Amino acid sequence: MDRPLESPNRRRKVLFLCTGNSARSILGEYLLRDRARGRFEVHSAGSDFAGEVHPLARRVLEVDYGIDTSTARSEPVDEVRGIAFDLVITVCDSAREACPAWLGGGIQVHWGLEDPAAFEGSEEERLEVFRRTAELLEERIERLLDLPPESWDQSALEEIHRAS
């Protein structure tokens, strides 16, 4: 798909989409916001949103990454549906199936990850699963940031997932 000529300085809009919007998409949203330092407008939403941010997602972001999550909240897709995103990243298979074509346009890629909130184990084991999820997202986000937004295309953005 040809994209119109755009200003390379335009702030791109990115959406992390998940089913519950309590863990993976929140981690992605806050890690990209932190790493991009204002270069992007970043959101997250859930196709069947949980209504709250998972406490272990908050803990990993705050303790491990030093990111303030006081404004983090679980949002339904309807709250962001009117935004024209440049990039929509689904992070769970259910969201990918529930939203096979994002109605707002833009490039849609899938960075599937296991749901850390679904893991059953001790508190320490669960925390480690959240940390591993955040680390995988951080690796993918760093590769995303290495790509100039004006050169984003489907194959380059899908390759980010395949490389991890």
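Quantities reported herein were computed from a predicted structural model and do not represent experimental measurements. (Residues numbered from 1 in each chain as written. Predicted model: local features only at pLDDT ≥ 70, side-chain atom pairs only at ≥ 80, totals over all residues. Heavy atoms only, no water.)

### As for the overall build of the protein
Quick note on the threshold: Only DSSP runs of H or I reaching four residues or more are called helices, and only runs of E reaching two or more are called strands; each is numbered from the N terminus. When accessible area is computed with a 1.4 Å probe and restricted to protein chains, residues below 20% of their type maximum are described as buried, those above 50% as exposed, and intermediate ones as partly exposed. Residue contacts are counted whenever heavy atoms from the two residues lie within 4.5 Å of one another. Using the Shrake-Rupley algorithm and a 1.4 Å probe, accessible areas are obtained, with residue cover drawn only from the displayed protein chains.
When its secondary structure is counted, the protein shows five helices and four strands. Within the protein, the proportion of its 164 residues that are buried is 46%. A separation threshold of at least 6 residues defines the contact pool for the protein, and within that pool the share at least 24 residues apart is 69%. Roughly 8200 Å² of accessible area belongs to the protein as shown, and the carbon and sulfur atoms make up 47% of that amount.

### A few points about the state of the cysteines
Stated precisely, the cut-off is as follows: We call a pair of cysteine sulfur atoms a disulfide when they lie within 2.5 Å.
Per the counting criterion, the structure on display carries zero disulfides. Not part of a disulfide, Cys18 finds its nearest cysteine sulfur in Cys92, a span of 3.4 Å. Given the relative accessible area of 3%, Cys18 is considered buried. Overall, Cys92 belongs to the buried group, its relative accessible area being 4%.

### A short note on the sheet that holds strand β3 (residues 87-90)
This is how the line gets drawn: For two strands to count as paired, DSSP must find a minimum of two bridges between them. Only the stretch in contact is used when a helix axis is fitted, and all axes are lines through C-alpha atoms; the angle between N-to-C directions ranges over 0 to 180 degrees.
Read across the sheet, four strands follow the order β2-β1-β3-β4 without closing on themselves; strand pairing throughout is parallel. The two strands at the open ends of the sheet, each matched to only one other strand, are β2 (40-46) and β4 (107-110). Adjacent strand axes in the sheet meet at a mean angle of 20°, parallel and antiparallel pairs treated alike. Bridging between strand β1 (residues 12-18) and β2 involves seven bridges; their strand directions are parallel. Note on β2: the bridge partner recorded for Leu17 is Ala45.

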